[in-house]
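Residues per chain are reported as follows:
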Amino acid sequence: MRAARRTLTAALILGAALPLALLLVWSFSLRWYYPALLPQEFSTRAWEALLAPSGQVSPALRGSTWVAGVTALLATLIALPAARQLARERPLTRAVLGGVILAPLVLPAFAGVMGVQVAFIRLGLADTPAGVVAAHLIPATPYAAVLLTGTFEVYDARFEEVARTLGARRAQVFTRVTLPLLLPGVLVAALLAFLVSWSEYLLTLIVGGGQVSTLPLLLFASAQGGDYALTAALSLVYVLPALLIFTLVAGRLRGWRA
Amino acid sequence: MTRRLAYLPVLLVTVGLFGAGLLLAGVQSLGGLPVTGKADWGVAAYRELFSSRSFWSALGMSAWVAGAGTLIAAALGTLAALALWRLRAGAGLRFLFAWNLPVPHVVAAWVTLLLFSQSGLWSRLAHVPGLSRNPGDFPALVNDPLALGVLLELAWKEVPFVGLAVLAALARFDGRLLEVARSLGASRWTRFWHVVLPGVRPALLSACVLVFAFAFASFEVPYLLGPTSPATLPVLAYRAFTDADLAARQEAMALSVVTAGLAGLVVAAWAFLSLRGRERG
């Protein structure tokens, strides 16, 4: 049992660290030809190109952060009232409404986004960050709704009553009881909605038409261009915020994926 | 009435935006709303699709990637969950196990390439003891005809997803049932098949449906790691969507509608079976 546990721990640590280590070594490589196990020559070229103020990275980083940030905020606000209500419904109503709300998680989002693109062109949303946010809301909102419904299920509204009978005013009830109890769940929902948007590639490409720059688009182009060092460095820049957010919310995860 | 208003914002996104998008895709696939020229209603796009070989091979490739990927993720995810459960893995081990869940698929695909391509890390390691002398000796696992690279990436990303779902179900599982089964003389395999598996089946099946639906509709990974031909349905749809010839739009919409329809059928079948299973208790 002990030995098995130790083997498992070692395997999991290796599995978690190996991809990042590989990306890190590749990002500093200048020449690394088969069959060398380590680069023949190291260089900081990729990182210098990445950090250069004139490069494409800072607009892509800004684009990704803006799109994911706004998507997370809107998805949470949109899902909040529905989740609160859904947690109180009878089983049948809940199954039907839940099914409609969660449908975009199992049906291909790209199909709907390709279809709606005609309307986006008419509305002036095509090729704009706002249009990309609208497309990202399709997968992000149902995620937020699932997570928030879970939060409201365990939330006991009787605490508010207790506070009121003890003489608390409405504003006090909200800031002292409701908010502290719900805030962690709401934050987790928002962070995971952020991650859903942060990971999105195809929807950004369809709606953004290449005009809205985000990190996955840049990464994809660089991977296809064959610059291994730059792609590795970009991968690290792209994956680290996701791992950081995951570390923050890991304790409260159930059934989530990017 | 005001309670129902709470659903309005969410329904605007799922029905008003996504549902309308699917509907518009359907309208465009039937010749309505063309980008140029007049509407020309008809099922020509579908007739052409169903008579083209590239459609059927793409459907086969999508079904293979999603089906095999789901089976691999289900088998390995269940095994991993059982191992973690038996070893009473705490929060630390679970965290390590789940570590690659937030890794975006574009990055996971790129890492798969660095590891498994013919000049990748494993190929270089195989060169050390002389197992392979040059990149060509190493089996083609990336952009290969069987899409093994895609399956490797899917397994890497989805095993923890399935594993965590099963682990959550195991947390509610009464371990005494296993002791009873053992005292009645049930073999290891019997205990797994007749005692453990029924306990985790609903969680396992719903995780599998999500994995299948995701893999069936995924674009980046087959695009980067799959064979160029046959492509998968989403890759084919995207190529038609961005075709310089705007007439290909109609084909792209028909492909989207068919992909969404097939994914919907799988989900509906699962919902039906799980509801019936619940009724039977």
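Residues numbered from 1 in each chain as written. Chains lettered and ligands numbered in written order. Predicted model: local features only at pLDDT ≥ 70, side-chain atom pairs only at ≥ 80, totals over all residues. Heavy atoms only, no water.

> Looking at this model, I keep getting lost on the overall build of chain A. Mind explaining?
Counting its regular elements, chain A contains 11 helices and 2 strands. From first element to last, N terminus to C terminus, chain A shows the α and β order α-β-β-α-α-α-α-α-α-α-α-α-α. Taken along the three principal axes of its C-alpha coordinates, chain A extends 75 × 65 × 35 Å. The contacts of chain A with a sequence gap of at least 6 include a subset with a gap of at least 24, amounting to 71%. Just so you have it, chain A exposes about 12,300 Å², and 66% of that area is on carbon and sulfur atoms. Here chain A carries 19 positive and 10 negative side-chain charges, and the mean point of each set is 9 Å from the other. (Helix = DSSP H or I, 4+ residues; strand = E, 2+ residues; numbered from the N terminus. Contact = heavy atoms within 4.5 Å. Areas by Shrake-Rupley, 256 points an atom, 1.4 Å probe, with all protein chains shown as cover. Lys, Arg positive; Asp, Glu negative; His and termini not counted. Charge placed at Lys NZ, Arg CZ, Asp CG, Glu CD.)

> Help me understand the UniProt feature "domain: ABC transmembrane type-1" (unreviewed entry) in chain B, please; the structure alone is not making it clear to me.
This chain's UniProt record puts "domain: ABC transmembrane type-1" (unreviewed entry) on residues 59–274 of chain B. End C-alpha to end C-alpha, residues 59–274 of chain B measures 26 Å, and it is 73% helix and 0% strand. (UniProt positions renumbered as here; feature names shortened; annotations may be inferred.)

> How do you make sense of the packing of helix H5 (residues 109–123) of chain A against helix H2 (residues 8–29) of chain B when you look at a structure like this?
Helix-helix packing is characterised by the crossing angle of the two axes and by the distance between the axes. At a closest axis distance of 7 Å, the pairing of H5(A) and H2(B) adopts a crossing angle of 80°. What the angle tells us is that H5(A) and H2(B) run roughly perpendicular. Contact residues: H5(A) offers A:Ala109, A:Ala111, A:Gly112, A:Gly115, A:Val116, A:Val118, A:Ala119 and A:Phe120, while H2(B) offers B:Leu17, B:Phe18, B:Gly21, B:Leu22, B:Leu24, B:Ala25 and B:Gln28. Counted by class, the contact of H5(A) with H2(B) contains 11 nonpolar, 4 polar and no charged residues. (Axes fitted to C-alpha atoms, helices over the stretch in contact; angles between N-to-C directions. Parallel < 35°, antiparallel > 145°, perpendicular 65-115°, else oblique. Nonpolar A, V, L, I, M, F, W, Y, C, P; charged D, E, K, R; others polar.)

> Hey, could you run me through the UniProt feature "transmembrane region" (unreviewed entry) in chain A in this one?
Residue and element names in this part refer to chain A. The feature "transmembrane region" (unreviewed entry), as given by UniProt, occupies residues 63–83, 95–121, 133–152, 173–195 and 228–250 in the numbering adopted here. Secondary structure content for residues 133–152 is 100% helix and 0% strand, while the C-alpha to C-alpha distance between its ends is 26 Å. Secondary structure across residues 228–250 comprises 96% helix and 0% strand; the distance between its end C-alpha atoms is 31 Å.

> Got a minute to help me understand a nonpolar patch on the surface in this structure?
A contiguous nonpolar surface patch, about 330 Å² in accessible area, is contributed by A:Leu37, B:Trp122, B:Leu125 and B:Val128. Among the structural elements, B:Val128 can be located in the loop between helix H7 (121–127) and helix H8 (148–171). Given the relative accessible area of 56%, B:Val128 is considered exposed. (Patch = residues over 30% accessible without salt bridge, like charges linked within 9 Å, V, L, I, M, F, W, Y side chains within 5 Å. Salt bridge = Lys/Arg side-chain N within 4 Å of Asp/Glu carboxyl O. Buried < 20%, exposed > 50% of the residue type's maximum accessible area, 1.4 Å probe, protein only.)

> Where do I start with the environment of A:Leu137 in this structure?
Note that A:Leu137 resides in helix H6 (residues 129–154). A sequence separation of 63 residues divides A:Leu137 from A:Leu74, and the C-alpha atoms of the two residues are 7.8 Å apart. Beyond its immediate chain neighbours, meaning those up to four positions away, A:Leu137 contacts A:Thr71, A:Leu74, A:Ala75, A:Ile78, A:Pro142 and B:Val13.

> Honestly, helix H12 (residues 233–241) of chain B in this entry has me stumped. Any pointers?
Along an α-helix, residues three or four apart share an orientation, since each turn contains 3.6 residues. Among the 9 residues that make up H12(B), 8 are buried, leaving the element largely enclosed by the rest of the structure. Listed in full, the buried residues belonging to H12(B) are B:Leu233, B:Pro234, B:Val235, B:Leu236, B:Ala237, B:Tyr238, B:Ala240 and B:Phe241.

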